[in-house]
Amino acid sequence: MIEVKSYLMGAWVAGERKSDLLDPSTEAVVGSISADRPNLGAVLEHARSAGGPALRALTFAQRGVILKGLSKAIHTQREALIEVSITSGGTTRSDAKFDLDGASGTLAYYAALGAKLGETRLLSEPSEQLGQDSRFFGQHVWLSREGVALHVNAFNFPAWGLAEKLAVAILAGVPVITKPATSTSILAFRVAEAIVGANVLPAGAFHFVAGSVGDLVDQLGPTDVLAFTGSADTGAKLRGSRSVVGRSTRVNIEADSLNSAVLAPDVEPGDDVYRIFLRDVVKEMTQKTGQKCTATRRVFVPRGQADRVIEDLSAELSRVKIGHPGNDEVRMGPLATKQQRDDFRSGVAKLEASGARVVFGSATEVSPIGVPDGKGFFVAPVLLRADEPSKADAVHAHEVFGPCATVCLYDTADEAVALVARGEGGLVSTVYGDDRETLRTFIMGIAPYHGRLLVVSAKVADKTITPGLVLPSCVHGGPGRAGGGEELGGERGLRFYMQRTAVQGDRALLDKLFEGPKA
Ligand code: NAP
């Protein structure tokens, strides 16, 4: 039994009231977490008054050294953390590595960026002459916000979600209060222990809240920031909080997304591009049991190729063994909670009611291996087909957060573009094709609706990443339904935690302050 504790103002604190945490593979109670509704005002103040000044006193290079230490601390405990992920989160070993290596890798990436930015505490843009006089200049500079970052994370990436936000905030010089989702908080807690145990962060720079944050969101002030990842509903609630609406607390929302894969008409079965398309769709449906914000939910296929594509995807999906993630044969574990399983079932029913039909799998029938009869929150992968996708509203509006995708048939490239846009803003879309003109239509039409667009053509077919992999060097986030936010993207990510100010004055003074040896 693991008791998930908070780390507040330098001490580990247990809650007074507790709620149980279940292993989603067996439904056994494996831990507990606080069920209190705390007042975290003093923690906010401590982070502001101790953590903030200590971090801002350091240069990017020095903060980078801290991140390197955090990355190492997680990597050193990798094997133990993988076990925790399997036994408390229901992830397969491979899914656990995806989360944990994502965490240590992103910290390492930002550590290296810190070293590159060097012995400075600000970012500056080129200066410009403002009038007739060649002495009077303006320069945009970015300085750390003198506030606190509140990070609220989703359940599906307890390690990576915590670490990717932490890496960027710490490098930007902003202290962090981080809150994991309750259901998968055991792994997040172990990661937080590794972070604290590394003993490299200044006092007050890191706080971990197990359970509810009480009314902390409403207590945030004008220089604080709120970075949220989770459902669109919670995101909308937080966006409407007193602090965001009344005090302009800066907010970044990463929410739902109906990510798409588009197969171009020029791709033939047997092509390398076709092979990668099949690999990606199956991986995106089944990796982490489809519980990825970047997982492919809609697969656009030329009408004439639909039967073949469905046959090939079904053959691949039928090979995916479902069951206890501790079993070596198993490729897909359970969903994280009973609620997630119920939502999955009702979500598939919603897609069916909207005009899609199930062509592989079942939302209700599954025979997981290696688990007690009837136990665990398992589901099978479900593939649906929409012959008239323009009429299947739910396919473009309802995210089924599990191993589920709908093959949508299209007749022309322009129609495919319009259908992809029906998702109203997404995190990632992937286009598979080789004909330049068709690719141009897809890229120009789809890009404005997405934060990221992966293009798999013959020349790079064997070199591309899978669409669900979020790299720290590229932005993550998307417009509209996806929350309208943006994270990571190398140096771009730092700007959320910094204030841009146009400093206007004597050119020589600006040059001295911002272009010579920096402040
Ligand atoms: P959720 O239910 O919205 O919860 C997300 C987080 O918000 C959890 O930590 C939750 O805490 C917390 N929370 C809930 N109500 C709150 C409130 N009133 N004040 C402060 N915090 C509150 O979402 P989820 O079920 O964990 O995550 C699944 C969703 O996240 C999916 O829709 C997925 O698409 C999305 N997601 C998006 C991204 C992305 O980058 N765009 C990444 C991952 C997931 P408790 O757990 O304690 O309730």
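Reading guide: rules and limits
Residues numbered from 1 in each chain as written. Predicted model: local features only at pLDDT ≥ 70, side-chain atom pairs only at ≥ 80, totals over all residues. Heavy atoms only, no water. Helix = DSSP H or I, 4+ residues; strand = E, 2+ residues; numbered from the N terminus. Contact = heavy atoms within 4.5 Å. Areas by Shrake-Rupley, 256 points an atom, 1.4 Å probe, with all protein chains shown as cover. Lys, Arg positive; Asp, Glu negative; His and termini not counted. Charge placed at Lys NZ, Arg CZ, Asp CG, Glu CD. Buried < 20%, exposed > 50% of the residue type's maximum accessible area, 1.4 Å probe, protein only. Patch = residues over 30% accessible without salt bridge, like charges linked within 9 Å, V, L, I, M, F, W, Y side chains within 5 Å. Salt bridge = Lys/Arg side-chain N within 4 Å of Asp/Glu carboxyl O. Near = heavy atom within 4 Å. Polar contact = N/O pair within 3.5 Å; in protein donor to acceptor, adjacent residues only side chain to side chain. Nonpolar A, V, L, I, M, F, W, Y, C, P; charged D, E, K, R; others polar. Domains from an automatic or database assignment. Buried area = accessible area lost by both parts, 1.4 Å probe. Core = buried A, V, L, I, M, F, W, Y, C linked by side-chain atoms within 4.5 Å. Pairing = 2+ DSSP bridges. Axes fitted to C-alpha atoms, helices over the stretch in contact; angles between N-to-C directions. Parallel < 35°, antiparallel > 145°, perpendicular 65-115°, else oblique. Left-handed = near helix turned anticlockwise from the far one by under 90°.

A look at the overall build of the protein chain
Working step 1: Along its length, the protein chain carries 16 helices and 23 strands.
Working step 2: The long-range fraction of contacts in the protein chain, counting pairs at least 24 apart against all pairs at least 6 apart in sequence, stands at 77%.
Working step 3: With the model as given, the accessible surface of the protein chain reaches about 20,500 Å², and the carbon-plus-sulfur share is 51%.
Working step 4: Averaging the locations of the 57 positively and 60 negatively charged side chains of the protein chain gives two centres separated by 4 Å.

Here's the deal with the environment of Thr184
Working step 1: Tracing the sequence through the fold places Thr184 in the loop between strand S10 (176-179) and helix H6 (185-197).
Working step 2: Looking at Thr184, the relative accessible area reads 10%, which means it is buried.
Working step 3: Taking C-alpha positions, Thr184 is 9.7 Å from Pro24, a pair spaced 160 residues apart along the chain.
Working step 4: Those residues in contact with Thr184, other than ones at most four positions away along the chain, are Phe155, Pro158 and Ala336.

Here we look at a nonpolar patch on the surface
Working step 1: Side chains of Met1, Leu22 and Val29 sit close together on the surface and give an oily, nonpolar patch of about 290 Å² of accessible area.
Working step 2: Structurally, Leu22 is set in strand S4 (residues 18-22).

Considerations on the site of the ligand
Working step 1: In the vicinity of the ligand, 25 residues are found, and the nearest of them are Asn153, Thr182, Ser231, Thr234 and His476.
Working step 2: One nitrogen or oxygen atom from the side chain of Thr182 is found 2.5 Å from an oxygen atom belonging to the ligand.
Working step 3: Contact with the protein chains hides 80% of the accessible area of the ligand, taken as 920 Å² for the molecule alone.
Working step 4: Within the residue set of the shell around the ligand, elements represented by two or more residues are strand S12 (225-229) and helix H8 (232-239).
Working step 5: Considered class by class, the residues forming the shell around the ligand number twelve nonpolar, nine polar and four charged.
Working step 6: Both of domain 1 (2-255 + 485-513) and domain 2 (259-472) provide at least three residues apiece to the shell around the ligand.

Thoughts on the domain arrangement of the protein chain
Working step 1: Along its sequence, the protein chain is carved into domain 1 (2-255 + 485-513) and domain 2 (259-472).
Working step 2: Of note, the centres of domain 1 and domain 2, computed from C-alpha atoms alone, are 31 Å apart.
Working step 3: On the domain 2 side, the residues contacting the 26 residues of domain 1 number 31 residues.
Working step 4: A buried area of about 2,200 Å², summed over both sides, lies between domain 1 and domain 2, and 64% of it is on carbon and sulfur atoms.
Working step 5: Inspection of the domain 1/domain 2 interface yields zero salt bridges.
Working step 6: On the surface where domain 1 and domain 2 come into contact, there are seven residue pairs in polar contact (both at pLDDT 80 or more).
Working step 7: Sorting elements by how many residues they give to the side of domain 1 that touches domain 2 places helix H4 (residues 93-117) first, with six residues.
Working step 8: Of the residues in the side of domain 1 that touches domain 2, the class split is eleven nonpolar, eleven polar and four charged.

Details of the nonpolar core
Working step 1: Within the largest apolar cluster, 62 residues are counted, with the highest numbers of intra-cluster contacts made by Leu67, Phe206, Phe208, Leu494 and Tyr497.
Working step 2: Only strand S1 (2-4), helix H2 (60-76), helix H3 (78-89), H4, helix H5 (160-172), H6, strand S11 (206-208) and S12 provide two or more residues apiece to this core.
Working step 3: Examining the composition of this core, we find that ten residues originate from one element, H5, more than from any other.
Working step 4: Contact partners of Phe208, with chain neighbours within four places excluded, come to Val4, Lys5, Ser6, Tyr7, Leu8, Trp12, Leu162, Thr178, Pro180, Ala188, Phe189 and Ala192.

Focus on the pattern of salt bridges
Working step 1: In total, this model carries 30 salt bridges according to the counting rule given.
Working step 2: Across the pair Arg78 and Asp101 runs a salt bridge, and its minimum N-O distance is 2.8 Å. Taken together, the residues span a long stretch of sequence, with Arg78 in helix H3 and Asp101 in helix H4 at a distance of 23 residues.
Working step 3: A salt bridge links Glu437 to Arg440; the shortest N-O distance between them is 3.3 Å. Within this pair, Glu437 and its partner Arg440 are both found in helix H15 (residues 436-446), separated by three residues, close to a single helical turn.
Working step 4: Counted as one network, the salt bridges with shared partners bring together Asp307, Arg357, Arg385 and Asp387.

Topic: the sheet that holds strand S15 (residues 296-302)
Working step 1: Ordered by their spatial adjacency, seven strands build an open sheet running S16-S17-S18-S15-S14-S19-S20, and the pairing between neighbours is mixed. Each having just a single partner strand, strand S16 (357-360) and strand S20 (450-456) make up the two edges of the open sheet. Shown here is a sheet whose adjacent strand axes are inclined to one another by a mean of 25°, direction ignored.
Working step 2: Taken strand by strand, helix H12 (residues 338-353) contacts S16, strand S17 (382-386) and strand S18 (404-410), and its axis lies near 15° from that of S17.
Working step 3: Of the strands in this sheet, strand S14 (259-263), S15, S18, strand S19 (426-432) and S20 touch helix H14 (residues 413-421), which is tilted by about 145° from S18.

Some remarks on the sheet that holds S4
Sheets are built from strands that pair by backbone hydrogen bonding, the pairs being arranged parallel or antiparallel.
Working step 1: Read across the open sheet, the three strands follow the order S1-S5-S4; overall the sheet is mixed. Where the open sheet ends on each side, the last strands, each with one partner, are S1 and S4. Geometrically, the sheet is characterised by an average inter-axis angle of 30° between neighbouring strands, direction not taken into account.
Working step 2: Looking at chain direction, S4 and strand S5 (residues 29-34) are connected through five bridges and run antiparallel. From the neighbouring strand, Ser19 faces S5, where its bridge partner is Ile33.
Working step 3: Contacting S1, S4 and S5, H6 runs over the sheet at an angle of about 80° to S1.

Things to note about the packing of H14 against H15
Working step 1: One can describe the packing of H14 onto H15 by two numbers: an axis separation of 9 Å at closest approach and a directional angle of 25°. With respect to their mutual orientation, H14 and H15 come out roughly parallel. Remark: the crossing between H14 and H15 carries right-handed chirality. Residues Ala413, Asp414, Ala416, Val417 and Val420 of H14 form the contact with H15, whose participating residues are Thr438, Thr441, Phe442, Gly445 and Ile446.
Working step 2: Looking at side-chain class alone, the contact of H14 with H15 contains six nonpolar, three polar and one charged residues.

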